[in-house]
Amino acid sequence: MSEKPKVGFYWCASCGGCEESVVDLAEDILMVLDNVDIVFWPVAMDFKKSDLEVMEDASIFATMINGAVRTSEQEEMARILRKKSKIIIAYGSCAHTGGVPSLANQFDREQILQYIYQDAPTVINEEKTRPQTTHRKNGHVVTLPQIRNVVRTLDQVIDVDYYLPGCPPTPKILKTALLALLEGNIPEKGTVLAPDIALCDECPRKESKPTEIKYTQFKRPHLTELDPDTCFLAQEVFCMGPATRGGCEALCVDGNMPCTGCFGPTSRVKDQGAKILSSICSAIDGLDERSVDRVLDTIPDPIGTFYRYALAGSLLRRKVPAKSSESE
Ligand code: SF4
Ligand code: SF4
């Protein structure tokens, strides 16, 4: 009997939803298990770094790494997995474009640690204790990974072959991608394994998407009675659909919530946030600065709205605080 291809999964800076999404394959997970040997999946089974280190280089057919890269440990594991795997797939928004964890790139490490360990209203820390990367006691040394100054996408750390977008990727695109790879249907390196169309093209509300609109405000979805059949933009509710790749079959819109952009941009868009910003700003009622400011002021968290999943992978990448002297 010929050996089954070996696959691995690894979790960096993310919420765990991507690992859940593998389980969301439901009975199709049996199809996966029939066709591959899972040789590394620390979140599900007791695999250690040493198990990985003794594997031959390129002996794993494909490894799916989810999560952005925030710590020295994640960098190290990503590099080892790169060496041991023929194919590396950046799995999910955080590995692909930085995801929600990369919103932390609005601050540097010192600002984040200061808030978490000292300034947050629920923290009492009179001794100003902070976690250290090395601690020595009674002749023993304990080490912790170092938190880097910025959050990075996986391809800002190692060479990536393919991307599976989404927060998390849907079972359908995961299954399609796995079957394609197992059948030897290998796409061009760098391909995002989801349709290269805008979400609006597969949205059931696309017929009501306005071609001519003059925005006077953006209403917040939880404070608005949402019409379940009309395009959100026609209701002056902000939707990332025009700047986002399709493939999820408009899941959020189906649940009567606007798209927040988790599938990232299509191949024709360099910067997802800049694309949506230019598209809405050109349709604001009154093009003078004050009108634009008045409408944009109705969006309380612009970075979190335009770059919710893509700050690390954007052209902006990070905010450099005026006083920061720290490197990456
Ligand atoms: S803007 Fe949103 S609601 Fe409107 S068509 Fe596009 S995805 Fe659908
Ligand atoms: S509708 Fe948008 S946010 Fe929701 S799953 Fe699809 S791409 Fe992601």
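In this text, all values refer to a predicted model and were calculated from it rather than measured experimentally. (Residues numbered from 1 in each chain as written. Chains lettered and ligands numbered in written order. Predicted model: local features only at pLDDT ≥ 70, side-chain atom pairs only at ≥ 80, totals over all residues.)

**Some thoughts on the pairing of strand 5 (residues 85-91)**
On any regular strand, side chains alternate: one points to one face of the sheet, the next to the other face. Among the seven residues of strand 5, five are classified as buried, and the element is accordingly described as predominantly covered. Note: strand 3 (residues 60-66) against strand 5, six bridges, orientation parallel. Bridge pairing links Asn66 to Tyr91 in strand 5. Sheet topology note: the strand 5/strand 9 (residues 162-164) ladder contains three bridges and is parallel. Residue pairing in the sheet places Ala90 in a bridge with Tyr163 of strand 9. (Buried ≥ 20, exposed ≤ 12 C-beta atoms within 10 Å, placed from the backbone. Helix = DSSP H or I, 4+ residues; strand = E, 2+ residues; numbered from the N terminus. Pairing = 2+ DSSP bridges.)

**Examining the domain arrangement of the protein**
Under the domain assignment, the protein is made up of domain 1 (6-100 + 150-182), domain 2 (109-148) and domain 3 (199-306). The straight-line distance from the C-alpha centre of domain 2 to that of domain 3 is 40 Å. (Domains from an automatic or database assignment.)

**A few points about the nonpolar core**
In terms of nonpolar packing, the biggest core is built from 74 residues, with Cys12, Ile65 and Leu164 touching the most fellow members. The dominant element in this core, judged by the number of residues it contributes, is helix 7 (residues 171-182), at five residues. Of the domains in this structure, domain 1 (6-100 + 150-182) and domain 3 (199-306) are the two that each give at least three residues to this core. The contact partners of Cys12, leaving out residues within four places of it in the chain, are Ile65, Asn66, Gly67, Ala68, Val69, Gln74, Ala78 and Ala95. (Core = buried A, V, L, I, M, F, W, Y, C linked by C-beta atoms within 7 Å. Contact = placed C-beta atoms within 7 Å.)

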